[in-house]
There are 2 protein chains.
Amino acid sequence: MSNLLVTPEEAAERLLALDRVLVLTHRRPDGDTIGSAAALVRGLRSLGKTAYACPNPDLTPRYEPFLVPCYPPEGFVPDAVAAVDIAAETLLPDSMRAYAAQTALSIDHHGTNRLFARETCVEPDSAATGELVYAILRRMGAEIDAQTADALYTAISTDTGCFRYSSTTPRTHRIVAELMDAGCRAAYLNQELFEIRTPARVAIESAVLRDIAYYASGAVAVAKVSQALVARTGATEDDMETLSSMARRIEGVRVGATLYERREGIKISVRTDETADASAICARFGGGGHPRAAGCTLTGEGMTLDTASREIRCAIFDLVEGLTWTDSDRQ
Amino acid sequence: MSNLLVTPEEAAERLLALDRVLVLTHRRPDGDTIGSAAALVRGLRSLGKTAYACPNPDLTPRYEPFLVPCYPPEGFVPDAVAAVDIAAETLLPDSMRAYAAQTALSIDHHGTNRLFARETCVEPDSAATGELVYAILRRMGAEIDAQTADALYTAISTDTGCFRYSSTTPRTHRIVAELMDAGCRAAYLNQELFEIRTPARVAIESAVLRDIAYYASGAVAVAKVSQALVARTGATEDDMETLSSMARRIEGVRVGATLYERREGIKISVRTDETADASAICARFGGGGHPRAAGCTLTGEGMTLDTASREIRCAIFDLVEGLTWTDSDRQ
């Protein structure tokens, strides 16, 4: 009975049978987990149910307006727990870990989902968990009002880079058309999420791009984000979003690695084109993710941006075929 | 009989009655004029007609693959001329000006269309002329194969900033879903058009952003692109695309002006939020455009980037309400 996979139709049935639901989101929450959670809570409420989103300690100001109104009153004890966009128990914030074993239903679009919930509805073809939540809410007959549509638009647009990534399908666009019909403020959200950048973001981005280093005849690019740079520019977590994709977006680059100096070590985000496997590169350091986008953290005594850069280049050298390296590229 | 407005249905009828058609595009061609022209030519051909796109002398490598295969054989004399995405006769390249008076049908989405053609089908609600061309081709029963879908996807995605701009409607997303069903290579085109940036683009963008100047407490931003910077970075026309939107995209900026040093003078692109009228600002210098995006060129003896910056700031000071200026802001 454990680790059972269910269809979106079955997921809708299960949810219809639940009440007093608490919805979990993942650590370092992005638009997909937050938008999906807010939409699920609102959809359940539209059907007369009691539903809340578990407070997420890592929530950034950008996504606060979606999740905070869904927070439970003090002392709320759920009858059932649902998880959205969470591929593994280890991705839960510490404050939610106690709920992991109680998770009745997990809704996710990661093919790597570790099936930690009692039942899991996973659709790797969905560009975002938000697509799947939309399908389930429709199946349940939940109301999708303008605010729910805003939450789902945020989930889908952020996880597809505003419909740029290859995960975007005709269904993605059709769902978005329906969300716009339902009154979502697409133009406003696009401004907030994709257009407008703070002066600090502009400063950190131009500095990171200026100092990007190329290896293997320009096929590998490494960007470094030191704590000093973050402090100097005043960039927040929200400002740093999508910084990881910049290196890979340069013409000729097959593997882009972005290194962040963090208290716990050097966090590395790897992005690749279709000729290289980002998750294999990160797996060498105990990380993981998708084939085109993955991450890992290098820890240990004396780990610096430079040391981490060398380590990740060695892994790329070992694991990616067809690159032309000079001796100095790996030093 | 002249300057007659026609519906998309009537435009389809007119096109069905034509043969040996030459399609015109505008100077400094963008994705919308090129993609629309290529799609119209291919659609007409699928109905057994002879159709070509007039060679555009300003065509950049980015859009060559769409238009060049549509060029006519030497000596081709059209029976009819159609224009796509061209708001005024003056926007035609010099080499096409002779055809202006012969234009039987103009298809456009600019509300400012000057109705220079015999008949004009203009839909300002269309996010791109490509949307309108799609509707007309469907109405005509033309085949929309994968390559035609690629051309239309390029037209629509480039004119909407990949579905970010407020001009994007539910219809935009529905048409795109149909183009994807027809086999357009959305993921590939997104990479080419929006994701991948040349090292030269990255260099010019980070330099322009670093030197951006703020006025009126950060509500006005002026970016300058000197010929020296263009030469130093090796940036091409393709690399400079969308540079004009960067200044406006910074948080707090209501009016962003980007100044380009050109042989003919200083070209200025103005972008505004909904509280300011870009076309009114540019109209003062004989330019024009949309309310949120417009352009003008400042010429004259001794016109420099600095002089032009002062001129445009004075116009903004006069025409935009609610800004807080210091004396030095206008100098």
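A. View of the interface of chain B and chain A. Facing 36 residues of chain B, the contacting portion of chain A comprises 36 residues. Each partner contributes to the roughly 3,400 Å² buried at the junction of chain B and chain A, and carbon and sulfur atoms together form 57% of this total. In this structure, the salt-bridge partner of Glu195(A) is Arg164(B), at a minimum N-O distance of 2.5 Å. Elements with a minimum of two residues in the side of chain B that touches chain A: α6 (170-181), α7 (186-195) and α8 (199-210) of chain B.

B. Molecular detail of the pattern of salt bridges. Evaluation of the coordinates by the stated rule reveals 32 salt bridges over all chains. In this structure, a network of salt bridges that share partners links the residues Glu123(A), Glu131(A) and Arg171(A).

C. Representation of helix α6 (residues 170-181) of chain A in the model. Its twelve residues place the ends of α6(A) 17 Å apart at the C-alpha level, agreeing with the 16 Å of an ideal helix rising 1.5 Å per residue. Among the residues making up α6(A), those that are buried are Pro170(A), Thr172(A), His173(A), Ile175(A), Val176(A), Ala177(A), Leu179(A) and Met180(A). The secondary structure elements touched by the buried residues of α6(A) are α4 (129-140), α5 (146-159) and α7 (186-195) of chain A together with α6 of chain B. Of the residues trailing α6(A), Gly183(A) is marked for its positive phi of about 100°.

D. Just the packing of aromatic side chains, in detail. All chains considered together, the criterion is met by seven aromatic pairs over all chains. Taking the centre distance of 5.9 Å and the plane angle of 70° together, the rings of Tyr153(A) and Phe163(A) count as edge-to-face. With Tyr153(A) in helix α5 and Phe163(A) in the loop between α5 and α6, this residue pair connects regions lying ten residues apart in the sequence. Each member of the pair, Tyr153(A) together with Phe163(A), is buried. Residues Phe317(A) and Trp325(A) carry aromatic rings whose centres are separated by 5.5 Å and whose planes lie at 75° to one another, so their mutual orientation is edge-to-face. On the basis of relative accessibility, which here comes to 16%, the residue Trp325(A) falls in the buried class. Among the aromatic residues, ring-to-ring pairing joins Tyr153(A), Phe163(A), Tyr153(B) and Phe163(B) into one connected group. The ring of Tyr215(A) has Arg313(A) lying over it, and the distance from NZ or CZ to the ring centre is 4.2 Å.

E. Fine view of the confidence of the model for chain A. Here chain A shows a mean pLDDT of 95. Residues at 70 or above account for 99%. Two numbers describe this predicted complex: its pTM, 0.86, and its ipTM, 0.86.

F. Local environment of the sheet that holds strand β7 (residues 213-215) of chain B. Residue and element names in this part refer to chain B. With mixed pairing, the six strands of this open sheet are ordered in space as β7-β8-β9-β10-β12-β11. Single-partner strands in this sheet number two, and they are β7 and β11 (288-289). The pairing of strand β9 (residues 255-262) with strand β10 (residues 265-272) spans eight bridges and is classified as antiparallel. Residue pairing across strands places Ala257 opposite Val270, the latter belonging to β10.

G. Spatial organisation of the nonpolar core. By size, the foremost hydrophobic cluster in this structure holds 104 residues, and its most contacted members are Leu40(A), Leu179(A), Leu40(B) and Leu179(B). Setting aside anything within four residues of it in sequence, one finds Leu179(A) in contact with Tyr134(A), Ile144(A), Ala149(A), Leu152(A), Tyr153(A), Ile156(A) and Cys184(A).

H. Quick look at the relation of the copies chain B and chain A. When chain B is fitted to chain A, the best match, at an RMSD of 0.0 Å, comes from turning it 180° and sliding it 0.0 Å along the axis. Each copy turns onto its partner about a two-fold axis. For chain B, the minimum C-alpha distance to the rotation axis belongs to Ser206(B) and amounts to 2.2 Å. By residue overlap, the copies meet face to face through one surface: 100% of the interface positions of chain B are interface positions in chain A.

I. Structural view of the environment of Pro78(B). Residue and element names in this part refer to chain B. Structurally, Pro78 can be placed in the loop between α3 (64-67) and β4 (80-84). Residue Pro78 is classed as buried on the basis of its relative accessible area of 12%. Taking the C-alpha atoms as reference points, Pro78 and Leu189, 111 residues apart in sequence, are found 32 Å from one another. If near-sequence neighbours (up to four positions away) are discounted, Pro78 is found in contact with Arg20, Leu22 and Tyr99.

J. Broad picture of the sheet that holds strand β4 (residues 80-84) of chain A. All names here are of chain A. Ordered by their spatial adjacency, six strands build an open sheet running β1-β6-β5-β4-β2-β3, and the pairing between neighbours is parallel. Edge positions in the sheet fall to β1 (4-5) and β3 (51-53), since each of these pairs with one other strand and no more. Looking at chain direction, β1 and strand β6 (residues 119-122) are connected through two bridges and run parallel. When the bridges of β6 are listed, Leu4 appears paired with Glu119. Seen against the sheet, helix α2 (residues 31-46) touches β2 (21-24), β3, β4 and β5 (103-108) and runs at an angle of roughly 165° to β3. In the packing of α4 onto the sheet, contacts are made with β4, β5 and β6, and the angle to β5 comes to roughly 115°.

Scoring rules and cut-offs
- Residues numbered from 1 in each chain as written.
- Chains lettered and ligands numbered in written order.
- Predicted model: local features only at pLDDT ≥ 70, side-chain atom pairs only at ≥ 80, totals over all residues.
- Heavy atoms only, no water.
- Contact = heavy atoms within 4.5 Å.
- Buried area = accessible area lost by both parts, 1.4 Å probe.
- Salt bridge = Lys/Arg side-chain N within 4 Å of Asp/Glu carboxyl O.
- Helix = DSSP H or I, 4+ residues; strand = E, 2+ residues; numbered from the N terminus.
- Expected span 1.5 Å × (residues − 1).
- Buried < 20%, exposed > 50% of the residue type's maximum accessible area, 1.4 Å probe, protein only.
- Phe/Tyr/Trp six-rings, centres within 6.5 Å; stacked < 30°, edge-to-face > 60°.
- Lys NZ or Arg CZ within 6 Å of the ring centre and 35° of its normal.
- pLDDT = per-residue confidence, 0-100.
- Pairing = 2+ DSSP bridges.
- Core = buried A, V, L, I, M, F, W, Y, C linked by side-chain atoms within 4.5 Å.
- Least-squares fit on C-alpha atoms with pLDDT ≥ 70 in both.
- Axes fitted to C-alpha atoms, helices over the stretch in contact; angles between N-to-C directions.

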